[in-house]
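Single-letter residue listing:
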Amino acid sequence: MTREEALDSVKANVGNENLIKHMLATEAIMRALARRLGEDEEEWRLTGLLHDIDVELTGGDMNAHSRLGADIAVELGAGKAMAHAILSHNEAHGIPLETKLDKALFCADPLTGLITAAALVRPDKKLAGLEAKSVIKKFKQKGFAAAVSREQISQCSEIGLEFDEFIELGLAAMQEIAADLGL
Ligand SMILES: [Fe+2]
């Protein structure tokens, strides 16, 4: 599957612009993680891009979410590793995170929400001037973007990244595509 095919499928299955942006942000972070860890950039970015493709199709049914997404990814040509990462990122299934790809998606997913929220409280609502130390400060404020799982983000240690580096990498990755994110 090409990146264009994956994005076309996302756009065909998702109407909510913010959800599409979330997947673009996850794609950017996953690609940066792959580069940092010497993994397959194409595989990792496409995993991020596709991971929530079924959210609207499954309509809030957490038992269906990510099962359908994994099936769609396989139809598009995803291999077993990508399908497993998409499937296991939904904790409702209780499927253990096994590979580095699984673990990377799991911790990258909520980081997009924290960074987006940190940008939106700035006067200019932009990513450009946002610094990693501000994101880290927001992380420590439990009431800020309270739905963002701090525990899940902290699991970056499972892929061998220090917390601060993970935040810096995620922020830089999202800043690179700020225009696409409207931030
Ligand atoms: Fe997600």
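Residues numbered from 1 in each chain as written. Predicted model: local features only at pLDDT ≥ 70, side-chain atom pairs only at ≥ 80, totals over all residues. Heavy atoms only, no water.

**Describing the nonpolar core**
Phase 1: Ranked by size, the top nonpolar core spans 64 residues in total, and within it Ile29, Leu33, Leu127, Ile153 and Phe166 carry the most contacts.
Phase 2: The element that contributes the greatest number of residues to this core is helix 2 (residues 17-37), accounting for 12 residues.
Phase 3: When residues no more than four places from it in sequence are discounted, the contact partners of Phe166 are Ile29, Leu33, Cys107, Ala108, Leu111, Ile153, Cys156 and Leu161. (Core = buried A, V, L, I, M, F, W, Y, C linked by side-chain atoms within 4.5 Å. Buried < 20%, exposed > 50% of the residue type's maximum accessible area, 1.4 Å probe, protein only. Helix = DSSP H or I, 4+ residues; strand = E, 2+ residues; numbered from the N terminus. Contact = heavy atoms within 4.5 Å.)

**Quick notes on the packing of helix 2 against helix 10 (residues 163-176)**
Phase 1: Closest axis-to-axis distance for the helix 2/helix 10 pair is 8 Å, and the angle between their directions is 125°. Here helix 2 lies oblique to helix 10, going by the angle between them. In this structure, helix 2 crosses over helix 10, and the sense of that crossing is right-handed. Side by side, helix 2 and helix 10 meet where Ala25, Ala28, Ile29, Ala32, Leu33 and Arg36 of the first sit next to Glu165, Phe166, Leu169, Gly170, Ala173 and Met174 of the second.
Phase 2: Classifying every residue of the contact of helix 2 with helix 10 by side-chain character gives nine nonpolar, one polar and two charged. (Axes fitted to C-alpha atoms, helices over the stretch in contact; angles between N-to-C directions. Parallel < 35°, antiparallel > 145°, perpendicular 65-115°, else oblique. Left-handed = near helix turned anticlockwise from the far one by under 90°. Nonpolar A, V, L, I, M, F, W, Y, C, P; charged D, E, K, R; others polar.)

**A word on the coordination of the iron ion**
Phase 1: Coordination sphere of the iron ion, protein contribution only: His22 (NE2), His51 (NE2), Asp52 (OD) and Asp109 (OD), at 2.1 to 2.2 Å.
Phase 2: For the iron ion, the four donor atoms in the first shell make angles of 82 to 171° at the metal, so the coordination geometry reads as irregular.
Phase 3: Coordination of the iron ion draws on donor residues from a single chain, spaced H-x28-H-D-x56-D in sequence. For the pair shown, His51 and Asp52 are each scored as buried. (Donors = N, O, S within 2.8 Å, 3.2 Å for Na, K, Ca; no water. Tetrahedral: all angles 85-135°; square planar, octahedral: opposite > 155°, others 65-115°.)

**Describing the state of the cysteines**
Phase 1: One pass over the full model with this rule turns up zero disulfides.
Phase 2: No disulfide involves Cys107; its sulfur sits 5.7 Å from that of Cys156, the nearest cysteine.
Phase 3: According to the relative accessible area criterion, Cys156 is buried, its value standing at 1%. (Disulfide = S-S within 2.5 Å.)

Interpretation in functional terms is not warranted from these geometric data alone.
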